[in-house]
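# Examining the three-dimensional arrangement
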Amino acid sequence: ILAIVIIIIGYFVAKIISSLVAKGLGKTGIDEKLSKLLGVSGDGTEKGIAKFIFYVLMLFVVVFALGQAGESEAIAPLQNVVNDILGFIPNLIGAVVIGFVAYIIAVLAKNILESLLNAGRVDERLGLGEKKPITSSVGTVAFFGILLFMLPNVLEALKLEQISEPISGMVDQIFAYVPSLFSGIVLLAIGYLVALIVQKVLANVLESIGTDKLPGKLGYAGEGLIAGKPLSLIISYVVMASILVVVLSQAITVMNLGFISDLTEGFVEGYFQFLGAI
């Protein structure tokens with residue numbers, strides 16, 4: 001009778017606690033945050049966590065009730081499960097703390113980078129429109145990069161060596177490659193700016209010296225050579241494309257992209273042969 005009373009009381013207590021947890025998580029908006037973060041529906045996360053807590057509490061209640069009923073043989077397997085859960089709780093708390101700190105740092109880094117890029121009007125200067133793809137991409141990469149960097153620490157706190165060790169090795173390889181990737185991206189950005197400046201300057205110079213009149217002097221009666229574009233603009237775009245091809249080849253080499261580097265070298269050589277033929 002005492003065991004039955006304990007189970008009934010424990011059931012209602014577990015229900016109340018799980019309900020309070022669900023309401024608390026609801027105020028944090030964890031479903032909406034997960035949906036926004038992962039790009040998928042996060043509905044049900046709050047209820048799932050609350051149900052998990054309910055069943056864990058009921059496990060404790062049942063073990064305690066059977067113990068009061070003197071069913072030591074029946075509770076032996078359950079007692080082992082309870083002991084494992086109790087031993088795992090400190091690891092879980094440590095992992096949650098590390099994960100929460102990593103999330104806060106990732107959010108701060110994302111907001112700071114996006115604020116700096118917005119202040120510098122990077123997307124507007126590059127003519128990429130109001131959606132700000134560069135700003136958004138840099139912020140997203142920084143956010144997930146920090147979370148990925150901290151993931152092995154979270155798994156180590158959970159004492160999941162079989163999972164944490166291979167993931168830690170993978171993360172180390174990824175971050176070892178970051179300097180090469182960053183160098184290649186910087187080289188591409190600088191090359192694009194240089195090519196853009198050269199294109200604009202060259203187009204103005206060629207137009208000022210009368211290059212656009214040359215096709216007419218040779219008997220061409222159209223308004224432009226290609227899609228109505230004047231000769232000065234076409235030449236400037238060809239020069240810009242040539243600079244970008246060379247810069248892209250060097251950037252791929254710097255980023256150590258293996259066989260793609262060999263393909264790029266052949267493409268660059270073929271491009272300039274084709275350009276020379278024209």
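Cut-off values and rules
- Residues numbered from 1 in each chain as written.
- Predicted model: local features only at pLDDT ≥ 70, side-chain atom pairs only at ≥ 80, totals over all residues.
- Heavy atoms only, no water.
- Helix = DSSP H or I, 4+ residues; strand = E, 2+ residues; numbered from the N terminus.
- Buried < 20%, exposed > 50% of the residue type's maximum accessible area, 1.4 Å probe, protein only.
- Contact = heavy atoms within 4.5 Å.
- Areas by Shrake-Rupley, 256 points an atom, 1.4 Å probe, with all protein chains shown as cover.
- Expected span 1.5 Å × (residues − 1).
- Phe/Tyr/Trp six-rings, centres within 6.5 Å; stacked < 30°, edge-to-face > 60°.
- Axes fitted to C-alpha atoms, helices over the stretch in contact; angles between N-to-C directions.
- Parallel < 35°, antiparallel > 145°, perpendicular 65-115°, else oblique.
- Left-handed = near helix turned anticlockwise from the far one by under 90°.
- Nonpolar A, V, L, I, M, F, W, Y, C, P; charged D, E, K, R; others polar.

## Description of the overall build of the protein chain
Helix and strand content of the protein chain: 10 helices and zero strands. Across the protein chain, helices and strands are ordered from the amino to the carboxyl terminus as α-α-α-α-α-α-α-α-α-α. In the protein chain, which comprises 278 residues, the share counted as buried stands at 24%. Nonlocal contacts in the protein chain, meaning residues at least 24 apart in sequence, comprise 62% of its contacts between residues at least 6 apart. Carbon and sulfur atoms make up 70% of the accessible area of the protein chain, which totals about 18,400 Å².

## Some details on helix α9 (residues 231–254)
For α9, which comprises 24 residues, the first-to-last C-alpha distance of 35 Å matches the rise-based estimate of 34 Å (1.5 Å per residue) to within 8%. Buried within α9 are the following residues: Leu-231, Ser-232, Leu-233, Ile-234, Ser-236, Met-240, Ser-242, Val-245, Val-247, Ser-249, Ala-251 and Ile-252. Positive phi appears at Asn-256, one or two residues downstream of α9, with a value of about 55 degrees.

## Details of helix α1 (residues 2–28)
Between the first and last C-alpha of α1 there are 39 Å, a value that for 27 residues agrees with the 39 Å anticipated at 1.5 Å per step. All of the buried residues in α1 are Ala-3, Ile-6, Gly-10, Ala-14, Ser-18 and Leu-25. Looking one or two places after α1, you find Gly-29, whose phi comes out positive at around 70 degrees.

## Section: the packing of aromatic side chains
The geometry of an aromatic ring pair is captured by the separation of the ring centres together with the interplanar angle, meaning the angle of the planes. All told, the structure shown has five aromatic pairs when counted by the stated rule. For the ring pair Tyr-103 and Phe-143, a centre distance of 5.9 Å and an interplane angle of 85 degrees mean the geometry is edge-to-face. Of the two residues, Tyr-103 is situated in helix α4 (residues 72–119) and Phe-143 in helix α6 (residues 133–157); the sequence distance between them amounts to 40 residues. Judged by its relative accessible area of 31%, Tyr-103 falls in the partly exposed class. Of the residues examined, Phe-143 reaches a relative accessible area of 5% and is grouped as buried. Each ring, one from Phe-143 and one from Phe-144, has its centre 5.2 Å from the other, and the planes form 90 degrees; the classification is edge-to-face.

## Some details on the packing of α1 against helix α3 (residues 45–68)
Viewed as axis vectors pointing N to C, α1 and α3 meet at an angle of 160 degrees, and their least axial separation amounts to 8 Å. If you check the angle between α1 and α3, you find them roughly antiparallel. Like other packed secondary-structure pairs, α1 and α3 cross with a definite hand, here right-handed. Of the residues belonging to the contact of α1 with α3, the class tally is 19 nonpolar, four polar and two charged.

## Things to note about the environment of Val-247
Summarising the element assignment, Val-247 is placed in helix α9. Exposure remark for Val-247: the relative accessible area of 14% places this residue in the buried category. If near-sequence neighbours (up to four positions away) are discounted, Val-247 is found in contact with Leu-187, Leu-188 and Gly-191.

## Overview of the packing of helix α7 (residues 161–208) against α9
Pairs of packed helices are described in terms of their axes, by the angle between the two and the distance that separates them. Two elements in contact, α7 and α9, have axes separated by 8 Å at closest approach and are oriented at 165 degrees. One way to sum up the angle between α7 and α9 is to call them roughly antiparallel. Remark: the crossing between α7 and α9 carries right-handed chirality.

## Some thoughts on the side chain of Glu-114
Along the chain, the position of Glu-114 falls in helix α4. Look past the residues within four positions of Glu-114 in its chain and what remains in contact with it is Thr-135, Ser-136 and Gly-139.

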